Amino acid sequence: MGIGAVVFLTYYKKWGSLWSYMKTTHHSKVGILYLSAGFAFFLRAGLDALIIRVQLALPQNEFWVFQGDKYNQMMTTHGTTMIFFVAMPLLIGLMNVAVPLQIGTRDLAFPFLNALSFWLFLAGGALINISFVLGGSPTAGWTSYAPLALDEFTPATGNDYYSLGLQVSGIGTLLTAINFLVTIINKRAPGMKLMRMPMFTWATLVTSILILFAFPALTVALLLLMFDRLYGTSLLAADAGNSLIWQHLFWIFGHPEVYILILPAFGIFSDVITTFAKKRLFGYSSMVIALVLIGFLGFMVWIHHMFTVGLGPTSNAIFAISTMSIAVPTGIKIFNWLFTLRGGVITFNTPMLFSLGFIPSFVIGGITGVMLATVPADYQYHDSYFVVGHFHYVIVGGTVLGIFAGVYYWWPKLFGFMLNDVLGKWHFWTFLIGFHLTFFPMHIMGLKGMPRRVFTYLPEDGLTGLNFTSTIGAFLMGGSMMIFLWNVYQSYRHSPRGVGNDPWEDGRTIEWAIPSPPPEYNFARTPKVYSNDAWWQAKKYQNGRLEAAEKLTSIRMPRDTAKPMLIGLFMLIGSFGVIVEVWYFQLIGLLGTIGLMVLHSFQDSSRKIVTPKTHPDEKIGGEEQ
Ligand code: HEM
Ligand SMILES: [Cu+2]
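Residues numbered from 1 in each chain as written. Chains lettered and ligands numbered in written order. Predicted model: local features only at pLDDT ≥ 70, side-chain atom pairs only at ≥ 80, totals over all residues. Heavy atoms only, no water.

Quick word on the coordination of the copper ion (ligand 2)
And step 1. Protein-derived coordination of the copper ion (ligand 2) comes from His 255 (ND1), His 304 (NE2) and His 305 (NE2), at a distance range of 1.6 to 1.9 Å.
And step 2. All donors to the copper ion (ligand 2) come from one chain, and their sequence spacing reads H-x48-H-H.
And step 3. Judged by its relative accessible area of 14%, His 304 is buried. (Donors = N, O, S within 2.8 Å, 3.2 Å for Na, K, Ca; no water. Buried < 20%, exposed > 50% of the residue type's maximum accessible area, 1.4 Å probe, protein only.)

In structure tokens form, the structure reads like this:
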């Protein structure tokens, strides 16, 4: 793939534009970086999934080398990559693309930091992928439970890469959260009160708060793991330390994490559904309250991952009830989406199909979630394929469908041309059918007793047909991704350009008032916002123009710089040095990182002045009209 990229870049003379992306600090370019890197990791982790599914297709199968330890490597890489290097960066990419436009600002509050976040995420992802080549990937599952993950039981270096790779990318994620928090609180267009924000922006705000509180727990857990593995402490060991510390810290992070993955998708569905049902969101304020409530309850339920550990009936009962209570705000959201659809004039295009496909898929995932929260039943389901079925229903049926809905929806805003709708529909249907075919049988396998994280089973277990079906479904999903890639290529070649400011024609929020793709400063003149769905209102009552809040004047934009990329590189070298215990790598990494930060602190005010021009597509008027 690397060689292919080099050939492509040379042939199309794209090295220059690659370099412009490598030193960009601009939110939409950073967004494109996140989307491309996340998608590349998606292909990698998807390939892992297919290998896993081939190995499991038949009983006592011996596909290539993927049994035992190699299977554990595949399974761990798949899960870890999907969560940290696919789902999160793709969502963060969409936030970068859409949120500044939705709130009418020129960029994030800290553009340099934003670029740095991306490079730290990529450095962490690269680190985990290096492990595959040098001595084997991590093997202890994406949850990396200690003491299993300690030297005593997994002496190979794989799990060192896990602790360092997630640490580096986790710092990037934390910085992103702070950045979005400050941006959304501080940089909204005049008149855009909190209760006038689009739902995706709301979801990003709540998600950022969740990251801010959840990721430090992961930071601490990974630090302990690193100390135990590399410096000979035994904090997480079963005898000298306490083996429950990891589980608590991991799930205090890990449960909110699944809401970090689903809330932004909820935001996307709200925006897409209101747009293509051509109605305002039913129960906007209850949607916001539900979002905040889900975020809050997300922190109160981590013990439901530890029902079988033996913490006692009282704690189990409390956490079972708090878990089930999350179904209430989630149900409110589902019903509000349905009421929004009711009586709407619905356009069935690709982003809308992904949103409609989400509703029943996610409801099934929700129901199995409540089943898992029932303590006595969980003793049966725990660590079985039922769990694997459940979380794929919520993550794929929720987050991944949301990501595709968002990608199709904002694509024309980002690039100025539409993705092909016919190919999009093929992509959707093959994906959705493949998805149910893959993951529904897993619930039954689980109920029949197939444990999670095993590489084979016996013919007499009665699991062959189910596993085989699941493998067929997985390949259908793999095929649907090829349709998506083909769609991107075809649309890039053939889709008409110049789609105008509001290519869907039904846009409601203010990102649809400016040209597609937007100029680097987004809004030549920041608009004034008087209501929810401000752009829709403008089309209806204000001759299709938002009122300008300022005159056309020159603006200061952040300059491009390669420093964030270099800091990422030095962090990569330094943490690699920690893993292979080579002191001069560590020193180079440390000095390089600190040196660049010091350098940057002297140059912070280097901004360039841009003179904006109004564009014929821009629908922001005012006194100068
Ligand atoms: C083509 C689609 C996919 C297929 C066929 C697939 C298949 C699988 C299978 C068979 C396992 C179980 C491994 C085992 O227990 O031995 C697994 C685990 C897992 N998958 Fe997927 N998966 C897919 C997509 C995704 C996506 C999109 C995500 C998240 C964004 C994801 C997250 C996970 C996680 C977190 C695990 C748990 C790994 C662990 O137990 O440590 N998967 N997947
Ligand atoms: Cu949980």
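Observations concerning the site of ligand 1
And step 1. Surrounding ligand 1, one finds 27 residues, the nearest of these being Tyr 71, His 78, Trp 142, His 392 and Arg 453.
And step 2. For ligand 1, an oxygen atom lies 3.5 Å from a polar atom in the side chain of Tyr 385.
And step 3. The contact in question runs from an oxygen atom of ligand 1 to an N or O atom on the side chain of Arg 453, over 2.7 Å.
And step 4. Only helix 3 (27-57), helix 4 (68-103), helix 14 (385-415), helix 15 (421-447) and helix 16 (464-494) provide two or more residues apiece to the shell around ligand 1.
And step 5. In the shell around ligand 1, the residues fall into 19 nonpolar, 5 polar and 3 charged. (Near = heavy atom within 4 Å. Polar contact = N/O pair within 3.5 Å; in protein donor to acceptor, adjacent residues only side chain to side chain. Helix = DSSP H or I, 4+ residues; strand = E, 2+ residues; numbered from the N terminus. Nonpolar A, V, L, I, M, F, W, Y, C, P; charged D, E, K, R; others polar.)

Concerning the packing of helix 7 (residues 199-230) against helix 8 (residues 244-277)
And step 1. Relative orientation of the contacting elements helix 7 and helix 8 amounts to 160 degrees, with a least axis distance of 8 Å. Comparing their axes, helix 8 and helix 7 come out roughly antiparallel. For the pair helix 7 and helix 8, the sense of crossing is left-handed.
And step 2. Per-class residue counts for the contact of helix 7 with helix 8 are 27 nonpolar, 3 polar and 2 charged. (Axes fitted to C-alpha atoms, helices over the stretch in contact; angles between N-to-C directions. Parallel < 35°, antiparallel > 145°, perpendicular 65-115°, else oblique. Left-handed = near helix turned anticlockwise from the far one by under 90°.)

Topic: the coordination of the iron atom of ligand 1
And step 1. Protein-derived coordination of the iron atom of ligand 1 comes from His 78 (NE2) and His 392 (NE2), at a distance range of 2.0 Å.
And step 2. Between the 6 donor atoms coordinating the iron atom of ligand 1, the angles at the centre fall across 86 to 179 degrees, so the site counts as octahedral. Of the two residues, His 78 sits in helix 4 while His 392 sits in helix 14, which places them 314 residues apart along the sequence. (Tetrahedral: all angles 85-135°; square planar, octahedral: opposite > 155°, others 65-115°.)

Thoughts on the pattern of salt bridges
And step 1. This structure, assessed with the given rule, holds 11 salt bridges.
And step 2. Put simply, Asp 383 and Arg 452 hold a salt bridge, and the shortest N to O gap is 3.8 Å. A residue pair is termed long-range when its members are at least 10 positions apart, and Asp 383 in the loop between helix 13 (375-381) and helix 14 and Arg 452 in the loop between helix 15 and helix 16 qualify at 69 residues.
And step 3. Given the relative accessible area of 40%, Asp 383 is considered partly exposed.
And step 4. On the accessibility criterion, Arg 452 (19% relative accessible area) is buried.
And step 5. When the shortest N-O distance is used, the salt bridge between Asp 533 and Arg 508 registers 3.1 Å. Taken together, the positions of Asp 533 in the loop between helix 16 and helix 17 (534-541) and Arg 508 in the loop between helix 16 and helix 17 put the pair 25 residues apart, joining distant regions of the chain. Across the pair, Arg 508 and Asp 533 agree in class, each one buried.
And step 6. Sharing partners across several salt bridges, the network here consists of Asp 151, Asp 160 and Arg 229. (Salt bridge = Lys/Arg side-chain N within 4 Å of Asp/Glu carboxyl O.)

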